[in-house]
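A look at the structure
Chain by chain, the residues:
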Amino acid sequence: MIQADKVKYKDILDNSVEYLEQHGFENIKADTEGYETPKSYAKKGSDISITPDIVATKEGRKHYFDISLKSEKPKLLKSKWLFLNTLSTLKSSRFRLITTRGHYKFTNEMLDDINLNDKKLIKI
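These numbers were taken from a predicted model, which means no experiment stands behind them.

Criteria and cut-off values
Residues numbered from 1 in each chain as written. Predicted model: local features only at pLDDT ≥ 70, side-chain atom pairs only at ≥ 80, totals over all residues. Heavy atoms only, no water. Axes fitted to C-alpha atoms, helices over the stretch in contact; angles between N-to-C directions. Helix = DSSP H or I, 4+ residues; strand = E, 2+ residues; numbered from the N terminus. Left-handed = near helix turned anticlockwise from the far one by under 90°. Contact = heavy atoms within 4.5 Å. Nonpolar A, V, L, I, M, F, W, Y, C, P; charged D, E, K, R; others polar. Pairing = 2+ DSSP bridges. Expected span 1.5 Å × (residues − 1). Polar contact = N/O pair within 3.5 Å; in protein donor to acceptor, adjacent residues only side chain to side chain.

Bringing the packing of helix H3 (residues 74–90) against helix H4 (residues 104–113) into the picture now. Between H3 and H4, the shortest axis-to-axis distance is 10 Å and the interhelical angle comes to 65 degrees. Note on packing geometry: the crossing formed by H3 with H4 is right-handed. Taking contact as the criterion, the partners of Pro 74, Leu 77, Lys 78 and Trp 81 in H3 are, on H4, Phe 106, Thr 107, Met 110, Leu 111 and Asp 113. For the contact of H3 with H4, the per-class residue count stands at six nonpolar, one polar and two charged.

Turning our eyes to something else, we now look at the pairing of strand E4 (residues 54–58). In the sheet, strand E1 (residues 26–30) pairs with E4 via three bridges, with the strands oriented antiparallel. Residue pairing across strands places Ala 30 opposite Ile 54, the latter belonging to E4. Bridge count for E4 against strand E5 (residues 61–68) is five bridges, and the pairing is antiparallel. Residue pairing in the sheet places Ile 54 in a bridge with Phe 65 of E5. Once E4 ends, the chain turns through two residues before running back antiparallel as E5, passing Glu 59 with a positive phi of about 55 degrees.

Reading across from one edge, E1-E4-E5-E6-E7 is the order of the five strands in this open sheet, with mixed pairing throughout. Sheet topology places E1 and strand E7 (121–123) at the edges, where each strand pairs with a single neighbour. On average, adjacent strands in this sheet sit at an angle of 25 degrees to one another, irrespective of strand direction. Examined bridge by bridge, strand E6 (residues 94–99) and E7 share three bridges and lie parallel to one another. Bridging across to E7, Leu 97 finds its partner in Leu 121. Together, E5 and E6 form the strand contacts of H3, whose direction differs from that of E5 by roughly 170 degrees.

A word on the environment of Asp 112. Looking at the secondary structure, you find Asp 112 in helix H4. Spatially, the C-alpha atoms of Asp 112 and Leu 84 are 16 Å apart, while their sequence positions differ by 28 residues.

Right, let's get into helix H2 (residues 10–22). Between the first and last C-alpha of H2 there are 19 Å, a value that for 13 residues agrees with the 18 Å anticipated at 1.5 Å per step. Looking at the buried positions of H2, the neighbouring elements they touch are E1, E4, E5 and E6. Once H2 ends, the next one or two residues include Gly 24, with phi positive near 85 degrees.

What follows is about the environment of Lys 80. Mapped onto the secondary structure, Lys 80 falls in helix H3. C-alpha of Lys 80 to C-alpha of Asp 113: the two residues are 33 residues apart in sequence and 13 Å apart in space. Within the structure, Lys 80 has its side chain in polar contact with the side chain of Asp 53 (distance 3.5 Å).

See below:
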């Protein structure tokens, strides 16, 4: 999610964290109450920073998660996903998207636009 959508969809973020806990993820960091906020990455020379929605580990491997919901600013969301996908590749980590009913089509169209068709969605 981008910052403008975080307050609006707080319940989906909380449900996503709960889902990951039930599926064996540990050391969960999430941008929600009761959890440590994930590390942000700042773009040099600007005030833009990117923070994954959730970061967790499972079986010793780090996973970056972003929640995909319809957004007013899809260009920012595409940039964030491309960055997180590249970051996870460089660090031998995994990048996954979490989405929910009513947002599947939007998510798949966005992934097609940026050629990330190989991403399996976590559907909550």
